[in-house]
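Residue-level structural notes
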Amino acid sequence: MGVLQARVLELAAIQNAPAWLSDLRYQGGERFAAASWPTRRTENWKYTSLAALAKKDVAAAHAESVEFNDLAMIDADAYRLVFINGVFSEKHSDALPPQVTTFAAASEEQITVVQRHLGRLADSSEHLFAALSQSVLEQGVLIHVAAGQCLDKPIYLLNYSAGKQACLASTRNLVVLEEGAQAEVFEQFNSDGDEQSNLVASQTEVVIGNNAKFKHYRLNLEREGITHAGGVFVELGRDALYSGFALTKGAVLIRNDYVLTHRGSGAHVELNGVYLPRGKQVVDYHTNIQHCVPHCTSSEVFRGIIGDQAKAVFNGRIHIHQDAQKTLAELSNKNLLTSNKAEVDTKPELEIYADDVRCAHGATVAQLNDESLYYLQSRGIDREQAQIMMSFGFINELIQSVENSDVVEFLMPILADQFGRKESLLQMEADALESL
Amino acid sequence: MLRIENLCARVEEKEILKGLNLHVKPGEVHAIMGPNGAGKSTLGSVLAGREAFEVTAGSVAFQGKDLLDLDVEARAHLGLFLAFQYPVEIPGVSNMEFLKSSVDAVRKARGKSDLSSVEFMKLAREASKKVKLDQAFLKRGVNEGFSGGEKKRNEILQMMLLEPSLCILDETDSGLDIDALQTVADGVNAMRSPDRSFVVVTHYQRLLDYIVPDYVHVLAGGKIVKSGDKSLAKELEAKGYSWLDGEVA
């Protein structure tokens, strides 16, 4: 057992949580500690080494006093819940609508909902990081929307890592949408400076009932020192919709697993994402869409720009079971390497057991298009700036397809900064768009 | 303005230009006609500085400088503009950002200050009206999903904003209907001035009814084989290029 596994087992035993969660927590700790640690021979971890993580020592989560004067936030009318090192901060959070509660404040009825679903999709016997987050279950959020209801505002979950000590910051979200319900959730992750080195274990489970709709934005904006063990587990009922957008800048390691399962026909998954590691950062997205029933569709587009000596892994799996006739599934992953030391491992995986389906998948790794560079240069734009504009354009295409305009507006300056673009240009675009 | 002497160029291992001479003075409009494969588009690409084309002999002086020694962007800064035969689509880069960046870069190189967003927007709108390109195109990705005619109008729009001293139009008439041709020609004619020159490369005489040249040259087999005034274009239209075969050889 490595340092981290031993430590997590300890933490699972000592932390205080609502009594009704303690069994789950202990189960998580035991499973995490007992797991045989993944190596490069483990299929799911073939391209990403967890050797360093095995040796990482982490402290119990503790709140730090933080002021958010400088932190960029989505300027949207939303219910905001703030977690600092995984600990709920009431001070920074809004009053919550009746559909939303922390686990600690859950009513009997809400506890029943949590107990019915928590860990059902994020199975801790199967997913290492689900076990990790379950082992320190304490704080968590339940969003439960009754049949036919629509949350009047988005739920904004802001997770912030702060302080000198590295701790295990775990957040656990459970979204349950009953038949015909609708909700929109922003998850944003930030950290305080490059030195901050938390292990963030954040797992979100989403149960989308028949005809219900869920919009989900998951933004990993942590800085250099963070290790992020993320997971999103989604189950869709008949005619349900999951529309997701993911963005990761990069850190020591950001791993996100998306597992989406079609359980009712007529449902649709739309999942788009962007990753932009540079320096020595590592980003790893593993997505897995399970078509178990007929007449469902899924569309997935991920794009990445990998610079310097950074590394990205994209593994996109689509599994079409025997019963899933008339499935329509599309997967595209495009990567741009801006340095010859950058690395990307991309692997689309299709497994098809039904005979009447339409599937398309593609993965590309490319440099910037010479023809386009020449065109920009012929208009007086120097080569370096032309490269920046084109890299930005490559990502911007996906950003512009994000439905929520508050999120788009939030992301533009972050991307501009990432690409070293001039703020004045952005302002001009904003003005121009308004005037047109 | 432009002095091309004995220009030879090849792409990969194929010799395309084989000793081309051309002198353009300020304010002049030169038309270059010729059969397919004569090297018309190569000339534009070599002048603009496209990498795939290798100059093997000869010289090009533009504004008194050795053009062939300059980077692509430096040629634009100096006042050279090539309207592409096939303008490139760049999704995700807004046309507006592209135009502003390019105008800023060219102005900077010429020692002028950046335009404010408001000033720039005003110019961009006026120019888009002149080429009859809806303003909505400013918001779209560069040439993204534009029709052939819209792309060519966008080229002329860029030309208006960059105010070059030498404009090379590479088969700008290809794929244009009569209305679009008229619009493009109006744009070009509005820009004619005593210190701005044009080299109009075309396969057809039709464009020259709208943009009337001072000189017409026939490019065949990699060099200029015949030069004349605008009546030469009419003659070519009537007789085709085959009667020049003797001169090519």
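Values in this document were obtained by computation on a predicted structure and should not be read as measured data.

Before going further, it helps to examine empty space enclosed by the protein. Enumeration over the complete set of coordinates arrives at two cavities of 30 Å³ or more. What lines the largest cavity is A:F83, A:N85, A:G86, A:N159, A:Y160, A:S161, A:A169, A:T171, A:F189, A:N190, A:V200 and A:E222. Where the lining of the largest cavity is concerned, the elements lending two or more residues are β5 (155-161), β6 (168-177) and β7 (182-191) of chain A. With three residues, β5(A) is the single largest residue contributor to the lining of the largest cavity. Partitioned by chemical class, the residues of the lining of the largest cavity number five nonpolar, six polar and one charged. Roughly 30 Å³ of volume is contained in the second largest cavity. Around the second largest cavity sit A:S378, B:A48, B:V72, B:R75, B:A76 and B:L80, which together line it. Take the lining of the second largest cavity: its biggest share by element is three residues, from helix α2 (residues 72-77) of chain B. When grouped by side-chain class, the residues that make up the lining of the second largest cavity number four nonpolar, one polar and one charged.

Okay, the domain arrangement of chain A next. All names here are of chain A. Assigned domains within chain A: domain 1 (3-67 + 78-375) and domain 2 (376-436). Relative to domain 2, the C-alpha centre of domain 1 lies at a distance of 27 Å. Summed over both partners, the interface of domain 1 with domain 2 comes to about 2400 Å²; 67% of that surface belongs to carbon and sulfur atoms. Of all residues in domain 1, the largest losses of buried area upon contact with domain 2 belong to R303, L373 and Y375, amounting jointly to 26% of the total for that side. Taken together, domain 1 and domain 2 are joined by two salt bridges. Among the ionic pairs, E403 bridges to K215, the shortest N-O distance being 2.9 Å. For the interface between domain 1 and domain 2, the tally reads 16 residue pairs in polar contact (both at pLDDT 80 or more).

What follows is about the sheet that holds strand β1 (residues 2-11) of chain B. All names here are of chain B. Taken in spatial order, the four strands make up an open sheet running β2-β1-β4-β5, and their pairing is antiparallel. The open sheet has two edge strands with one neighbour each: β2 (14-24) and β5 (65-66). For strand β4 (residues 53-62) and β5, the ladder comprises two bridges, and the chain directions are antiparallel. In the strand pairing of β5, F62 is matched with K65.

Attention now goes to the pairing of strand β14 (residues 282-291) of chain A. Residues and elements named next belong to chain A. The element β14 is largely enclosed, with a buried count of ten among its ten residues. Here β14 shows no split at all, with V282, D284, H286, N288 and Q290 on one side and V283, Y285, T287, I289 and H291 on the other all buried. Here nine bridges tie strand β12 (residues 253-262) to β14, and the two strands are oriented parallel to one another. In the strand pairing of β14, Y258 is matched with T287. Judged from the ten bridges that link them, β14 and strand β16 (residues 311-320) form a sheet pairing that is parallel.

Tallying the contact residues gives 43 residues for chain B and 27 residues for chain A. A buried area of about 2900 Å², summed over both sides, lies between chain B and chain A, and 63% of it is on carbon and sulfur atoms. At the surface where chain B touches chain A, the tally comes to two salt bridges. Connecting chain B to chain A are twelve residue pairs in polar contact (both at pLDDT 80 or more). Sorting the residues of the side of chain B that touches chain A by element identifies α1 (40-48), α2, β6 (80-83), β7 (90-94), α3 (95-109), α4 (117-130), α5 (136-139) and α6 (148-162) of chain B as the ones contributing at least two each. For the side of chain B that touches chain A, the per-class residue count stands at 21 nonpolar, eleven polar and eleven charged.

A few words on the UniProt feature "domain: SUF system FeS cluster assembly SufBD core" (unreviewed entry) in chain A. The UniProt feature table records "domain: SUF system FeS cluster assembly SufBD core" (unreviewed entry) at residues 167-394 of chain A. With 9% helix and 58% strand, residues 167-394 of chain A has its two end C-alpha atoms placed 36 Å apart.

Okay, the packing of helix α2 (residues 19-34) of chain A against helix α5 (residues 128-135) of chain A next. Residue and element names in this part refer to chain A. Here α2 crosses α5 at 135°, and the two axes come no closer than 7 Å. With respect to α5, the axis of α2 lies oblique. Every pair of crossing elements has a handedness; the one defined by α2 and α5 is left-handed. Between α2 and α5, the contacting residues are L24, R25, Q27, G28, G29, R31 and F32 on the first element and L128, A131, L132, Q134 and S135 on the second. Tallied by class, residues from the contact of α2 with α5 come to five nonpolar, five polar and two charged.

We now examine the sheet that holds β6(B). All names here are of chain B. Pairing is mixed in the open sheet, where six strands are placed in the order β6-β9-β10-β3-β11-β12. The sheet is open, and its two borders are formed by β6 and β12 (223-228), each paired with just one other strand. Strand-to-strand twist in this sheet, taken as the mean axis angle between neighbours without regard to direction, amounts to 20°. Where strand β3 (residues 29-33) lies against strand β10 (residues 197-202), five bridges are found, and the strand directions are parallel. Across the sheet, residue H30 finds its bridge partner in β10, namely V199. Set on the sheet, α6 makes contact with β6, β9 (166-170) and β10; between it and β6 the angle comes to about 170°.

Here the focus is the environment of A:T102. All names here are of chain A. Within the secondary structure, T102 sits in strand β3 (residues 100-102). T102 sits in the buried class, given a relative accessible area of 10%. For the pair formed by T102 and F88, sequence separation is 14 residues and the distance between their alpha carbons is 8.2 Å.

The next point concerns the UniProt feature "domain: SUF system FeS cluster assembly SufBD N-terminal" (unreviewed entry) in chain A. Following the UniProt record, the feature "domain: SUF system FeS cluster assembly SufBD N-terminal" (unreviewed entry) maps to residues 16-156 of chain A here. End C-alpha atoms of residues 16-156 of chain A are separated by 25 Å, and the span's content is 27% helix alongside 13% strand.

Looking now at α6(B). Residues and elements named next belong to chain B. Look at α6: 21 Å from first C-alpha to last across 15 residues, which is about the 21 Å you get at 1.5 Å a residue. Of all 15 residues in α6, 13 are buried; the element is thus mostly enclosed. Just downstream of α6 lies E163, where phi reads positive at about 45°.

With that settled, consider the pattern of salt bridges. Residues and elements named next belong to chain A. Per the counting criterion, the structure on display carries 29 salt bridges over all chains. The residue E397 makes a salt bridge to R303 at a minimum N-O spacing of 2.8 Å. Highlighted residues: E397 in helix α7 (residues 383-399) and R303 in strand β15 (residues 297-306), separated in sequence by 94 residues. R303 gets classed as buried once you look at its relative accessible area, which sits at 9%.

Calculation notes
- Residues numbered from 1 in each chain as written.
- Chains lettered and ligands numbered in written order.
- Predicted model: local features only at pLDDT ≥ 70, side-chain atom pairs only at ≥ 80, totals over all residues.
- Heavy atoms only, no water.
- 1 Å grid on protein atoms, 1.4 Å probe; cavity = no way out; pocket = protein on both sides within 12 Å on 5 of 7 lines; lining within 4 Å.
- Points joined across faces, edges and corners; volume = space filled by probe spheres on them.
- Helix = DSSP H or I, 4+ residues; strand = E, 2+ residues; numbered from the N terminus.
- Nonpolar A, V, L, I, M, F, W, Y, C, P; charged D, E, K, R; others polar.
- Domains from an automatic or database assignment.
- Buried area = accessible area lost by both parts, 1.4 Å probe.
- Salt bridge = Lys/Arg side-chain N within 4 Å of Asp/Glu carboxyl O.
- Polar contact = N/O pair within 3.5 Å; in protein donor to acceptor, adjacent residues only side chain to side chain.
- Pairing = 2+ DSSP bridges.
- Buried < 20%, exposed > 50% of the residue type's maximum accessible area, 1.4 Å probe, protein only.
- Contact = heavy atoms within 4.5 Å.
- UniProt positions renumbered as here; feature names shortened; annotations may be inferred.
- Axes fitted to C-alpha atoms, helices over the stretch in contact; angles between N-to-C directions.
- Parallel < 35°, antiparallel > 145°, perpendicular 65-115°, else oblique.
- Left-handed = near helix turned anticlockwise from the far one by under 90°.
- Expected span 1.5 Å × (residues − 1).

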